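# Structural features, examined
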Amino acid sequence: MIQSNPAERQVLVASGTMIGSVDEPEPVLSDDPIERRCAVRETRIRIHQARFRGRVVPAYPEQCAIWRLKEVRLLEAAHIVGDIEEAGEPIVSNGLALCSIHHRAYDQDLVGVSPDYDVCVSPRLLEDEDGPMLDLLKTFDRQPIYVPRRAEWKPDRERLASRFDRFLTRNAV
Ligand SMILES: [Zn+2]
């Protein structure tokens, strides 16, 4: 059974900034105590992201929820509700295993996932014409995502709903 670690979350909340795994900073080596503390904090965030990924990616099993890419080195764990929010626990049901490109698109609200487990591609992307990569992203619009079989690992519909509201607001659809 996976449980969140309250102490770990407290540190993350207190740090004030939370970043997606796509924006992982390089470790900073510095003699300045403030910079060093920052580096420690960033390392904690990296460890936290790595742990979250270690829970979510194998649950899927090891494929992108959107296009079933199975290259494990390209798979990441996307938070449905972000760490700094109340419901942002680092549990499998608050995550989606996504490949790098879908993770970035999800974080930017260019791709959404509805509470009914359907992909929703942002109208901005659908209207764009920018070659085969974008065409590939568009083909998953209104397609169901892949979800883990175990009930406790499936993406939580309430969390998806609150996140999907943000997607709809930001895309004004
Ligand atoms: Zn993907």
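For the structure, check the block above.
Residues numbered from 1 in each chain as written. Predicted model: local features only at pLDDT ≥ 70, side-chain atom pairs only at ≥ 80, totals over all residues. Heavy atoms only, no water.

## Here we look at the coordination of the zinc ion
- Of the protein atoms, only C64 (SG), C99 (SG) and H102 (ND1) coordinate the zinc ion, at distances of 1.9 to 2.2 Å.
- Mapping the donors of the zinc ion onto the primary sequence yields the spacing C-x34-C-x2-H. Of this pair, C64 sits in the loop between α2 (33-56) and β1 (75-79) while H102 is found in helix α3 (residues 100-107), placing the two residues 38 residues apart along the sequence. For the pair C64 and H102, a shared accessibility class is recorded, and that class is buried. (Donors = N, O, S within 2.8 Å, 3.2 Å for Na, K, Ca; no water. Helix = DSSP H or I, 4+ residues; strand = E, 2+ residues; numbered from the N terminus. Buried < 20%, exposed > 50% of the residue type's maximum accessible area, 1.4 Å probe, protein only.)

## Quick look at the packing of aromatic side chains
- Going through the model one piece at a time under the given rule, you end up with three aromatic pairs.
- Both rings, one in W67 and one in F140, keep their centres 6.0 Å apart while their planes meet at 70 degrees; by these two values the pair is edge-to-face. Remark: F140 occurs in the loop between α5 (132-138) and α6 (157-171) and W67 occurs in the loop between α2 and β1; sequence separation between them is 73 residues.
- Between the aromatic rings of F164 and F167, the centroid separation amounts to 5.5 Å while the plane-to-plane angle is 10 degrees, which identifies the pairing as stacked. (Phe/Tyr/Trp six-rings, centres within 6.5 Å; stacked < 30°, edge-to-face > 60°.)

## A word on unusual backbone geometry
- Residue Y117 is not a glycine yet carries a positive backbone phi of 70 degrees.
- For Y117, the location among the structural elements is in the loop between β3 (111-113) and β4 (119-121).
- Judged by its relative accessible area of 11%, Y117 is buried.

## Description of the pairing of β1
- Across the five residues that make up β1, a large majority, five, are buried.
- As paired elements, β1 and strand β2 (residues 95-99) share five bridges and run antiparallel to each other. What sits directly across from H79, in β2, is G95. (Pairing = 2+ DSSP bridges.)

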